[in-house]
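# Understanding the architecture of this molecule
One letter stands for each residue in the lines below.
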Amino acid sequence: MEQLFSLTPLIPVFPLLAFALIVLWANKNNRLSAGLAIAGIAISAVISWVVIFATLASGHHVQVEGWSLPVPWLPTGTTVFNIGFAVDGFTAAMLFMVPLVSTLIFIYASEYMEGDSRYARFFAYVSLFVFGMLTLVVADNLLLLFISWEIMGLCSYLLIGFWFEKDSAKKAGLKAFLTTRIGDVLLFAGMLFLYSKTGTLTFREIFEPAVLHQLATTTIWGQPAAVVISLLVFGGAVGKSAQFPLHVWLPDAMEGPTPVSAMIHAATMVSAGVYLVARMLPLFAVVPVAALQWVAIIGSITAFFAATIGLAQNDIKRVLAYSTISQLGYMMIGLGLGGFLAGIFHLLTHSFFKALLFLGSGSVIHAMEHGAHHVGDHHTDPQDMMNMGGLAQRMKKTYIAYMAGTLALAGIVPFAGFFSKDEILADAWHQAGGFNFGSVAFWAWLAGTLGAFVTALYMGRQIGLVFLGKPRTGLSEHAVEPGKRMTYPLLVLGFFALVLGFANVPENVPLIGNGWLHHFAGMVHESAGVLDLEALPLNWGLAGLATVIALTGFFGGIALYRGHQAGQEDPMVKILGRPLFTLLKNKYYVDEFYFAVIINPVIKLADLAAKFDYDWVINPIVNFVGNTGRWISDISAEFDRVVVDGLGVLGTARFFRWMGKELRYTQTGQAQNYLLVIALVSLSLVGVYLFGIGF
Amino acid sequence: MAEQIIFFIFTLIVLGGGLGIVFTKNLYYSALFLSLTLSGMAGYFVLLNAGFLAAVQVVVYVGAIAILILFAIMLSRRMMTSTEPQSNRQTWLAAIVSPLLFIALLVLVLQINWPVSTAAPASDYLLLLGMNFLGSYVIPFEVVSVLLLVALVGAIVLARDTSTDTGREG
Amino acid sequence: MTAIPLSWWVTVATALFVIGLYATLTRKNAIAVLIGLELMLNSANINFVAFNRYTTPNQVGGQIFAVFVIAIAAAEAAVALAIIIATYRRRTTVDVEDIDSMKF
């Protein structure tokens with residue numbers, strides 16, 4: 001059994017191999033590229049299943065304590081820094097979700113992206129991406145996690161800006177990268193502090209009670225180290241999981257192809273932030289309340305406000321984007337209130353139904369584009385819900401699947417979202433202890449419950465606008481449901497949206513109560529001893545309230561919008577009042593605020609720095625130095641020409657020529673003259689000699 | 001005493017002859033004065049106990065070389081009777097340099113203490129000469145003989161009358 | 001024979017040498033130059049024999065050398081006169097100043 005775990009490092013390898021093969025070899029052949037990518041993820045899925053099976057069979061030992069494979073990697077003086085792989089119940093649960101959802105999305109994408117000129121490149125990028133995600137899930141330490149975090153960030157940038165001919169796509173890619181970068185810097189700072197305080201980045205080693213205690217008692221900047229590090233790490237999660245205030249990149253990221261939105265911005269990458277917080281939860285919890293309450297607060301704000309924005313958006317993908325942001329907020333609420341299982345349960349279910357919804361929206365958009373082609377209208381936006389309508393008749397399978405996803409998202413029993421969302425709200429209520437206005441947990445519960453209403457409302461709105469009623473434009477009139485590869489994955493995901501909730505029904509429910517996931521994955525932080533990991537019984541009152549709210553919102557939304565006519569004003573305007581509606585439509589003007597307060601000043605500063613460089617200081621100095629050098633060398637050249645050449649070289653030649661001219665007259669050709677010279681010289685020599693000896 | 005007188009007489013002959021050579025305008029007379037000088041030299045050699053050398057001097061120098069010069073003069077007849085001044089352009093400079101050189105050399109040589117020996121001259125110097133010529137100095141002796149042969153042949157070749165050559169191999 | 005000091009002999013030889021030098025330097029006729037040359041050689045002979053007599057009387061090195069000088073002088077005189085005669089034939093002049101083809 002243990003040997004099966006040694007397959008774990010292989011899980012990320014196959015998509016990486018697919019990436020390399022596509023890039024180096026198969027990039028001209030579209031079908032082969034898609035095939036390689038799908039094969040890569042499928043093999044990973046199979047290996048993941050083997051590992052999950054091994055985890056199931058190993059029981060408590062692995063599920064809670066985990067199996068690990070440390071790899072000594074970087075010698076650091078007298079010690080060695082390890083990276084490595086680990087599997088426990090939580091990892092196994094993630095390994096169930098990630099490869100399965102990714103495989104379905106890859107299959108979907110192989111039809112969705114058909115006709116694109118960079119088809120093969122797309123599959124290379126997504127293969128690299130899923131390599132990153134799988135590595136993140138099986139990593140046993142923060143460094144390897146961070147590396148895969150960054151790989152995913154890169155792929156996100158590449159994929160958002162995949163259609164880089166569009167200016168909006170380019171900008172969106174850059175926005176995503178830079179915004180998450182802020183989070184990444186915070187995360188890295190947290191890692192640095194953590195390493196300097198404890199000398200390790202491996203999860204199991206950090207969560208030793210002794211180490212946790214040390215982190216709780218030593219301080220950084222006056223605060224307990226554990227709190228500071230946790231908040232920095234949470235900063236990374238805020239960026240990656242698009243929480244307020246770093247949420248601004250996710251709606252713009254919808255510029256990327258829809259499979260990208262489904263995979264990266266619904267199912268996997270954005271959930272990496274939640275995964276990180278969940279993994280590091282003991283660190284958050286070791287100093288009670290301090291760090292965790294911020295998680296809950298940010299999560300609550302995000303959950304509620306993102307939902308309200310979604311209410312006023314017309315683009316089908318934008319609605320889903322804000323919905324994702326909002327649901328991630330719910331997960332943060334769950335984790336922030338110490339509800340480890342609540343958070344990760346919602347993470348798992350959300351990935352399934354959000355991927356489903358995005359892929360469904362992709363099918364709708366494809367259908368609309370088909371209709372546009374048919375009608376010859378290429379100006380109408382195929383993504384605008386106001387241009388859709390009546391698609392239920394034309395896209396039956398897609399409609400059924402989409403409905404399943406919507407009901408799951410709205411949290412209507414027995415769909416998955418009900419169980420996971422309810423768990424979070426129950427945790428919040430339990431911690432708040434009822435109507436306790438002074439408790440963060442209460443406000444979280446309130447935000448979550450109101451948010452649930454709004455969520456159901458905007459999803460009802462979406463169903464009403466898109467699928468029900470009559471077609472409002474030629475596009476939707478002539479929409480055609482896409483082929484098998486795009487429809488069947490939806491149905492598979494829909495199935496999971498329906499049944500996944502039953503993986504963790506609280507135990508007090510008769511017949512189906514099992515608390516299975518709680519036992520399997522929810523106890524991994526047991527050894528740290530700082531979390532309350534008890535499973536809560538189902539609170540029937542709350543559950544009933546939640547269901548009522550959800551149903552009201554959902555049917556209310558449908559009712560409002562199923563009869564919507566083309567050109568009519570949005571009914572929301574009347575209900576909310578124009579000012580509020582405009583505020584929501586413009587996303588609370590957060591982007592504009594950032595532009596004015598941060599981005600423009602930074603650009604101005606950059607301009608200033610550029611001026612400093614080019615015009616005022618650096619360049620003039622460089623030019624001056626250059627000119628001086630030139631001038632010196634000119635002088636030196638002149639000197640060389642006049643003195644060295646003229647005087648020295650030529651002068652010497654002239655001198656010798658003159659000497660020769662004058663001396664030639666001594667060669668008379670007459671021997672007697674020569675003899676006389678000899679006589680003269682001898683005379684002088686003798687004279688000198690005699691003079692020398694004192695004569 | 002007697003020697004000094006003899007020495008003095010011979011000096012007169014030698015140096016007088018020398019001066020005569022220089023200051024005579026007639027080349028023939030110069031050659032004759034040369035013979036006189038050379039004969040005086042023979043006398044010197046006798047005074048210096050080198051009788052054989054005296055005989056050689058007379059036979060070779062006077063008897064051959066001086067005669068040869070006379071013949072050469074006679075063969076270039078026109079010169080014999082010319083009355084042009086025999087001095088050339090550098091006469092004045094030579095006239096200054098020569099006495100100076102004489103004085104300088106004299107001073108140079110006379111201030112050295114030559115290691116004079118008071119031994120008696122060899123009585124059998126002829127025997128010694130013979131033994132040296134064919135003993136220690138045999139190689140120069142033989143070489144000189146070759147040299148004389150070369151000079152003989154060379155002189156004949158150089159001085160022959162090429163105008164009478166008929167172009168045949170001679 | 002200590003009656004005549006060596007210095008007298010040296011003086012005579014030097015005087016004869018200088019006279020010969022003067023003759024060589026100043027005469028226009030080639031044969032006169034040759035005569036001057038013979039005088040110089042003879043002065044050398046005087047020196048050789050005189051020094052032999054006064055420094056090593058029981059040896060004959062100086063005399064031997066003098067003999068050689070005479071022999072070589074003879075050879076040289078013969079060749080020189082042959083050259084002069086040949087030159088005279090070609091140019092009908094024996095004026096040394098006219099034989100200056102090694103001029104610049």
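Note that the structure is a prediction, hence the values are computed from the model and not measured. (Residues numbered from 1 in each chain as written. Chains lettered and ligands numbered in written order. Predicted model: local features only at pLDDT ≥ 70, side-chain atom pairs only at ≥ 80, totals over all residues.)

### Notes on the overall build of chain A
Quick reminder of the rule: A run of H or I in DSSP counts as a helix once it spans at least four residues, and a run of E counts as a strand once it spans at least two, with each numbered from the N terminus. As a rule, residues whose C-beta atom has 12 or fewer other C-beta atoms within 10 Å are exposed, those with 20 or more are buried, and those in between are partly exposed; C-beta atoms are placed from the backbone. Contact definition: two residues whose C-beta atoms, as placed from backbone geometry, lie within 7 Å.
In terms of regular secondary structure, chain A is built from 31 helices and four strands. In chain A, which comprises 695 residues, the share counted as buried stands at 52%. Across chain A, the fraction of contacts at a sequence separation of at least 24, relative to all contacts at a separation of at least 6, is 79%.

### Notes on the overall build of chain C
Helix and strand counts for chain C come out as three helices and zero strands. When the helices and strands of chain C are placed in sequence order, the string is α-α-α. Counting all 104 residues of chain C, 58% fall into the buried class. Considering only contacts within chain C whose residues lie at least 6 apart along the sequence, 48% involve residues at least 24 apart.

### A look at the nonpolar core
Stated precisely, the cut-off is as follows: One nonpolar core equals one set of buried Ala, Val, Leu, Ile, Met, Phe, Trp, Tyr and Cys residues connected by C-beta atoms within 7 Å.
Grouped together as the largest cluster of nonpolar side chains are 229 residues, with contacts concentrated most on A:A93, A:V277, A:A355 and A:A497. With 19 residues, helix α18 (residues 340–375) of chain A is the largest single contributor of residues to this core. Here A:A93 is in contact with A:I344, A:L348, A:L517, A:F520 and A:A521, once residues within four sequence places are set aside. Among the nonpolar cores identified, the runner-up in size contains 74 residues, and B:A72, B:L101, C:V18 and C:A30 belong to it.

### Overview of the interface of chain B and chain C
It is common to report an interface's size as the accessible area lost on association of the parts. The partner chain C presents 61 residues to the 73 residues of chain B that form the contact. Mapped onto the side of chain B that touches chain C, the elements with two or more residues apiece are α1 (2–23), α2 (27–47), α3 (51–75), α5 (91–110), α6 (125–133) and α7 (138–159) of chain B. Ranked by residues supplied to the side of chain B that touches chain C, first place goes to α3(B) with twelve residues.

### Considering helix α11 (residues 225–240) of chain A
All names here are of chain A. To keep things clear, this is the line we draw: To estimate the expected span of a helix, count its residues, drop one, and scale the result by 1.5 Å.
In a regular helix each residue adds 1.5 Å, so 16 residues correspond to 22 Å; α11 covers 23 Å between its end C-alpha atoms and thus fits that length. Counting buried residues in α11 gives 15 out of 16 residues, a clear majority hidden from the surface. Phi turns positive, to about 55 degrees, at A242, one or two residues after α11.

### Observations regarding the interface of chain B and chain A
The test is simple: When residues are grouped by polarity, Ala, Val, Leu, Ile, Met, Phe, Trp, Tyr, Cys and Pro land in nonpolar, Asp, Glu, Lys and Arg in charged, and all others, Gly among them, in polar.
Contacts between the two partners involve eleven residues from chain B, matched on the other side by eleven residues from chain A. Of the residues contributing to the side of chain B that touches chain A, the split by class is nine nonpolar, two polar and no charged.

### Quick notes on the confidence of the model for chain C
The cut-off we apply is this: A residue's pLDDT is the predictor's confidence in that residue, given on a scale from 0 to 100.
On average, residues of chain C score 87 in pLDDT, and 87% of them reach the 70 mark or higher. In the model output, the complex is listed with pTM 0.65 alongside ipTM 0.88.

### Considering the packing of helix α31 (residues 671–692) of chain A against α5(B)
Filter applied, for reference: Interaxial angles span 0 to 180 degrees and are taken between N-to-C directions of axes, which are lines fitted to C-alpha atoms, for helices over the stretch in contact. For any helix crossing, the convention is left-handed if the near helix is rotated counterclockwise from the far helix by under a right angle, and right-handed if that rotation is clockwise.
At a minimum axis separation of 9 Å, α31(A) and α5(B) run at an interaxial angle of 35 degrees. The crossing of α31(A) and α5(B) is left-handed. Only B:L93, B:A94, B:V97, B:L100, B:L101, B:A104, B:L105, B:V107 and B:L108 of α5(B) make contact with α31(A), whose side of the interface consists of A:L676, A:A679, A:L680, A:S682, A:L683, A:V686, A:G687 and A:L690. Grouping the amino acids of the contact of α31(A) with α5(B) by side-chain chemistry returns 15 nonpolar, two polar and no charged.

### Describing helix α5 (residues 89–112) of chain A
The end-to-end C-alpha distance of α5(A), which contains 24 residues, comes to 34 Å, matching closely the 34 Å that a straight helix rising 1.5 Å per residue would cover. By the criterion of burial, α5(A) is predominantly enclosed, with 23 of the 24 residues buried.

### Points about unusual backbone geometry
Residue and element names in this part refer to chain A. Put simply, F244 and P245 share a cis peptide bond, and its omega is 0 degrees. Along the polypeptide, P245 turns up in the loop between α11 and α12 (249–252). Phi at K587 takes a positive value of approximately 60 degrees, unusual for a residue other than glycine. Topologically, K587 is positioned in the loop between α28 (578–585) and α29 (590–616). Here K587 falls in the buried class, since 21 other C-beta atoms lie within 10 Å of it. The phi dihedral of Y588 falls on the positive side, at around 60 degrees, and the residue is not glycine.

### Some thoughts on the packing of helix α22 (residues 440–466) of chain A against helix α26 (residues 540–561) of chain A
A pair of packed helices can be characterised by two numbers: the angle between their axes and the separation between those axes. Residue and element names in this part refer to chain A. Stated formally: An angle below 35 degrees is read as roughly parallel, one above 145 as roughly antiparallel, one from 65 to 115 as roughly perpendicular, and any other as oblique.
Running from N to C, α22 and α26 point in directions that differ by 30 degrees, and their axes come no closer than 7 Å. If you check the angle between α22 and α26, you find them roughly parallel. As for the relative orientation of α22 and α26, their crossing is right-handed in sense. When α22 is examined against α26, the residues T449, A452, F453, A456, L457, Y458, M459, G460, R461, I463, G464 and L465 are found in contact with a partner set consisting of A546, I549, A550, G553, F554, F555, G556, G557, I558, L560 and Y561. Counted by class, the contact of α22 with α26 contains 16 nonpolar, six polar and one charged residues.

### Comments concerning the pairing of strand β2 (residues 79–87) of chain A
All names here are of chain A. Heads up, the rule is: One bridge is not enough; two strands pair if DSSP finds at least two bridges between them.
The pairing of strand β1 (residues 67–76) with β2 spans nine bridges and is antiparallel. Within the sheet, the bridge partner assigned to L69 lies in β2 and is F85. Hairpin connection from β1 to β2: two residues lie between these consecutive antiparallel strands, with G77 at a positive phi of about 70 degrees.

### What about the environment of A:F146?
All names here are of chain A. Here F146 is to be found in helix α7 (residues 142–160). Of the residues examined, F146 has 20 C-beta atoms within 10 Å and is grouped as buried. Spatially, the C-alpha atom of F146 lies 9.9 Å from that of G236, the residues being 90 residues apart in sequence. Excluding residues within four positions of it along the chain, F146 makes contact with L187, F188 and M191.

### Section: the environment of C:A13
All names here are of chain C. Note on placement: A13 falls in helix α1 (residues 6–26). Through-space distance from the C-alpha of A13 to that of N45 is 8.5 Å; in sequence the pair is 32 residues apart. The residues contacting A13, other than those within four sequence positions of it, are S43, I46 and N47.

### Section: the environment of B:S30
Structurally, B:S30 is set in helix α2. Classification of B:S30 by C-beta neighbours within 10 Å gives buried; the count is 25. Between the C-alpha atoms of B:S30 and B:G20, which are ten residues apart in sequence, the distance is 6.8 Å. When sequence neighbours within four positions are dropped, the list of residues in contact with B:S30 reads B:I21, B:T24, C:A32 and C:I35.

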